[in-house]
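Given next are the chains, with one letter for each unit.
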Amino acid sequence: MRLRFHCQNRIGILRDIVAHFADYGLNVAHGEVGGEHGNAIYLHVPNLLNAQLTTLRPELEQVPGVFGVRRVSLMPSERRHLELDALLSSLSDPVMSIDMEGHLVAANRAAGQLLGVRVDEVPGLSLDRYLPDLDLPALIRRNNARVNGLRIRLHDATYLADIAPLHRENLEDVASLAGAVVTLHRADRIGERIYQVQRQESRGFESLFQSSPRLEALIREARRMAPLDAPLLIQGETGTGKELLARACHLASARGQSPFMALNCAGLPESMAETELFGYAPGAFEGARPEGKLGLLELTAGGTIFLDEVGETSPRMQVKLLRFLQDGGFRRVGSDEETYLDVRVICATQQDLPSLCSAGRFRQDLYHRLNVLTLTVPPLRDCLDGIEALAGHFVDRAARQIGCPLPSLSPAAVARLTAYHWPGNVRQLENVLFQAVSLCEGGTIEPGQLRLPDVGQAPGLAGIDLDGSLADILGEVERRVLTTLYPQNPSSRQLAKRLGVSHTTIANKLKRHGLGGGEGT
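Student: Which parts of the structure should I look at to understand the pattern of salt bridges?
Tutor: Two side chains with opposite charge may pair up if their charged atoms get near one another. Here the structure, examined in full by the defined rule, presents 24 salt bridges. A salt bridge links Glu-237 to Arg-381; the shortest N-O distance between them is 2.4 Å. With Glu-237 in the loop between strand E10 (232-235) and helix H8 (242-251) and Arg-381 in the loop between strand E18 (373-376) and helix H14 (387-402), this residue pair connects regions lying 144 residues apart in the sequence. Of the residues examined, Arg-381 reaches a relative accessible area of 27% and is grouped as partly exposed. Here Glu-274 makes a salt bridge to Lys-320, at a shortest N to O gap of 3.1 Å.

So this is what it looks like as structure tokens:
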């Protein structure tokens, strides 16, 4: 059991606290001093039981200078270790630490995969085994400063190495060198990395292209909601940019300088989704890390968590998420200790959550907790008035990345883009135009270079009989519109307001199509 003592910083207070555990024959395995002014003491007492703590607590709180005692899940050093481990594991680049004898001390998962060993097999390996022609310790001694972009060959691939020397006690003389941290970047991917950095430099509302009046209205609404510290639900089809909008809302809020973490709930097994979001305690299950794992929520403390495809979460996850939204508390998997955090929750879905609630697949109370603020991102087919400007933006970006002259879109190509129904929305448009720029040999993109999959009619015409007269076809479209919108606006006045016509007109049309009895309320 791990304990935190809020206490006075005085000589002998640790001895007085530990003496009480000795009286009960309990060994204190580890202790740390924390707090801004040394006013917190952390003790790890492995064999301490809950019943013993109940008996001991009054005695411990009677020690002069002790103001309070409570259980904690981690010692400060353990938390730092887990945070560092989570950070290194999230890096796609190999990162390793070496000592001044040229032996590996530690490495992240990417480095282990590159070297062909497990992470726990790294300590003690000689760097000469992998880089026989490079004496890194000598290079570190010779420079005694950071080295960036050192070109090396490893496993028949070229890497650029960034080398950061480690000094003891922050001294700058060569004798104080303790080793170095080495980060490797694949040389053939540097251009791609630069492009990704450029794409991410502007991730706020300024990076969202607003070529259509509907998108402009969405961004105005989002700007008003961004500073509000309440759950936000973003609805929209796949590829409409829901995560970009969520990130922009985060950056425009008071939490903008704090972490933004994202978890895609679709396709994740229940156990994996739960451990990813909430983490797990030491020894929580077979195969778990002995030190446990921090979840995304803890890594996001003070910031924003983005849960994509929240409609895919399991019933168990929904219960835990509801609890967190209610009081900010949760338990890591395998732990009976409560953790409380200040994290804003933004969710996204392409599903109809009210329908899922009616079918019993999504909790009604969770839906109402998430649906405090709502944004609906329109599909690209509803914003075709701005597709030419948006297409020009993507063509320009693709040409910059590829390094080719900027091509133009022919009128026929623009007409092809406008006529397509875009099931993949903006993401599909960007991918199609990137491919078109790479295929374009002249200065103009033609329709033949737009690789648009032929997936049949647009969804709006699917199943509609086009053999009748125009009046018959329009009547069927009208019936479908009213059938879809009437349950959401269950009166002729509400539906008339939604469609911008008189309630008498709507009442007559509802009666004509046998919907709702044509009431005039």
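Student: Hey, could you run me through the sheet that holds strand E4 (residues 66-72) in this one?
Tutor: The strands making up a sheet associate through backbone hydrogen bonding, with each pair oriented either parallel or antiparallel. Overall, antiparallel pairing links the 4 strands, which are arranged E2-E3-E1-E4 in an open sheet. Only two strands of the sheet have a single neighbouring strand rather than two, namely strand E2 (30-34) and E4. Put simply, the sheet's adjacent strands are angled 20° from each other on average, direction ignored. Alignment of strand E1 (residues 2-7) against strand E3 (residues 40-44), held across 5 bridges, turns out to be antiparallel. Of the residues in E3, the one forming a bridge with His-6 is Ala-40.

Student: Help me out: how do you make sense of the packing of H14 against helix H16 (residues 425-439) in this one?
Tutor: Geometry of a packed helix pair, given as the angle between the helix axes and the separation of the axes. Contact pair H14 / H16: the axes reach a minimum separation of 9 Å and the direction vectors enclose 50°. Our classification of the angle between H14 and H16 gives oblique. Handedness of the crossing formed by H14 with H16: right-handed. In this structure, H14 uses Ile-387, Leu-390, Ala-391, Phe-394, Val-395, Arg-397, Ala-398, Ala-399, Gln-401 and Ile-402 to contact H16, whose residues at the interface are Val-426, Leu-429, Glu-430, Leu-433, Phe-434, Val-437 and Ser-438. Considered class by class, the residues forming the contact of H14 with H16 number 13 nonpolar, 2 polar and 2 charged.

Student: What should I look at first to understand the environment of Gly-514 in this one?
Tutor: Along the chain, Gly-514 falls in the segment after helix H19 (503-512). Under the relative-accessibility criterion, Gly-514 is labelled exposed at 63%. Between the C-alpha atom of Gly-514 and that of Ile-402, which follows or precedes it by 112 residues, the distance is 57 Å.

What counts and how
Residues numbered from 1 in each chain as written. Predicted model: local features only at pLDDT ≥ 70, side-chain atom pairs only at ≥ 80, totals over all residues. Heavy atoms only, no water. Salt bridge = Lys/Arg side-chain N within 4 Å of Asp/Glu carboxyl O. Helix = DSSP H or I, 4+ residues; strand = E, 2+ residues; numbered from the N terminus. Buried < 20%, exposed > 50% of the residue type's maximum accessible area, 1.4 Å probe, protein only. Pairing = 2+ DSSP bridges. Axes fitted to C-alpha atoms, helices over the stretch in contact; angles between N-to-C directions. Parallel < 35°, antiparallel > 145°, perpendicular 65-115°, else oblique. Left-handed = near helix turned anticlockwise from the far one by under 90°. Contact = heavy atoms within 4.5 Å. Nonpolar A, V, L, I, M, F, W, Y, C, P; charged D, E, K, R; others polar.

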